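Summary of the model geometry
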Amino acid sequence: MNDVLARYTQNLLQSDLHFSTKPILIGGMAMEYYGIRKAGADIDLVITDEDYQKLARRYPEKRKDLYGDLGLVIGPFEIWRSIAHLDYDFFKKEAIEKDDVLVISIDRLLWTRVCAMDTEKYRNDLLLIREYYYREFTNKQFHREAELHEKSYEKRNGVVFGGKYED
């Protein structure tokens, strides 16, 4: 986790980017922050419309329009004012606050992958996020109880009625 934030901060310090509101770290670096997979080379952010407008005026040649989601590509940063037309306020919900950035919540990160699941990379990320949820949130006691009856589940396509296990 700390390595992700250190890389973000180092790249931000080397850039000439300034934000009036803390940006939200999304994408591969957020995936790495949660320990799901390594990030690629780019740094994806969601920013407020106010910050987007300032940067768009400053860097008009760096603007990018992806089906109405407006962004900028500046050095290693892909900076968006929306993802699937969902704005900063949507992605800020339950984000983790750090010194100079917010990290998107795991639930909102999942949503970014659902929005793009037609792309193989993001479908694969969905599978990784599913594994993360199981690893981090499964009730261990319930899981151990279920493991006692694996043979019955296999025989009955996962469903046992009336407590009649065939272990």
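Up top is the structure these notes are about.
Residues numbered from 1 in each chain as written. Predicted model: local features only at pLDDT ≥ 70, side-chain atom pairs only at ≥ 80, totals over all residues. Heavy atoms only, no water.

Section: the overall build of the chain
Counting secondary structure elements, the chain contains 8 helices and 9 strands. A compact globule built from 167 residues should have a C-alpha radius of gyration of about 15 Å, whereas the chain, at 20 Å, is more than 25% larger. Taking all 167 residues of the chain together, the buried fraction comes to 37%. Partitioning the contacts of the chain with sequence separation of at least 6, the portion at a separation of at least 24 is 52%. Carbon and sulfur atoms form 52% of the exposed surface of the chain, whose accessible area is close to 10,400 Å². Separation of charge centres in the chain, based on 26 positive and 30 negative side chains, amounts to 2 Å. (Helix = DSSP H or I, 4+ residues; strand = E, 2+ residues; numbered from the N terminus. Rg over C-alpha atoms; globule rule 2.2 N^0.38 Å. Buried < 20%, exposed > 50% of the residue type's maximum accessible area, 1.4 Å probe, protein only. Contact = heavy atoms within 4.5 Å. Areas by Shrake-Rupley, 256 points an atom, 1.4 Å probe, with all protein chains shown as cover. Lys, Arg positive; Asp, Glu negative; His and termini not counted. Charge placed at Lys NZ, Arg CZ, Asp CG, Glu CD.)

Observations regarding the packing of helix α5 (residues 106-115) against helix α6 (residues 120-137)
Relative orientation of the contacting elements α5 and α6 amounts to 155°, with a least axis distance of 9 Å. In terms of orientation, α5 and α6 fall into the roughly antiparallel class. Viewed along their axes, α5 and α6 form a crossing whose handedness is left-handed. Together, I106, D107, L109, L110, R113 and V114 of α5 and Y122, D125, L126, I129, Y132 and Y133 of α6 make up the contact between the two elements. The residue makeup of the contact of α5 with α6, split by class, is 9 nonpolar, no polar and 3 charged. (Axes fitted to C-alpha atoms, helices over the stretch in contact; angles between N-to-C directions. Parallel < 35°, antiparallel > 145°, perpendicular 65-115°, else oblique. Left-handed = near helix turned anticlockwise from the far one by under 90°. Nonpolar A, V, L, I, M, F, W, Y, C, P; charged D, E, K, R; others polar.)

A short note on unusual backbone geometry
Despite not being glycine, Y67 shows a phi value in the positive range, around 55°. You can see Y67 is positioned in the loop between β3 (63-66) and β4 (69-74). Even without being a glycine, H85 presents a positive backbone phi close to 65°. Secondary-structure assignment places H85 in the loop between β6 (82-83) and β7 (86-87).

Topic: the sheet that holds strand β5 (residues 77-80)
Spatially, β3-β4-β5-β2-β1-β9-β8 is the arrangement adopted by the 7 strands of the open sheet, whose pairing is mixed. This sheet does not close on itself; its edge strands, each paired only once, are β3 and β8 (96-97). Of the pairings in the sheet, the one linking β8 to strand β9 (residues 102-103) comprises 2 bridges and is antiparallel in character. Looking across to β9, one finds that I96 is bridged to V103. Each of β3, β4 and β5 touches helix α3 (residues 49-58); the most contacted strand, β4, lies at about 55° to it. (Pairing = 2+ DSSP bridges.)

Concerning the pattern of salt bridges
Using the criterion set out here, one finds 12 salt bridges in the structure. Between R37 and D125 there is a salt bridge, with the nearest N and O atoms lying 2.7 Å from each other. Separated by 88 residues along the polypeptide, R37 in the loop between α2 (27-33) and β2 (43-46) and D125 in helix α6 bring together distant segments of the chain. Among the residues examined, R37 registers a relative accessible area of 21% and is labelled partly exposed. By relative accessible area, D125 is classed as buried at 2%. (Salt bridge = Lys/Arg side-chain N within 4 Å of Asp/Glu carboxyl O.)

Remarks on the nonpolar core
Residues Y8, L17, F19, L25 and I79 are the most contacted members of the largest nonpolar core, which totals 41 residues. Non-local contacts of F19, meaning those with residues more than four positions away in its chain, are made with Y8, L12, L45, I47, D51, L55 and I79. (Core = buried A, V, L, I, M, F, W, Y, C linked by side-chain atoms within 4.5 Å.)

Some remarks on the side chain of S105
Tracing the backbone shows S105 in the loop between β9 and α5. On the basis of relative accessible area, S105 is assigned to the buried category, the value being 5%. Those residues in contact with S105 that sit more than four places away from it in its chain are Y34, K93, E94 and A95.

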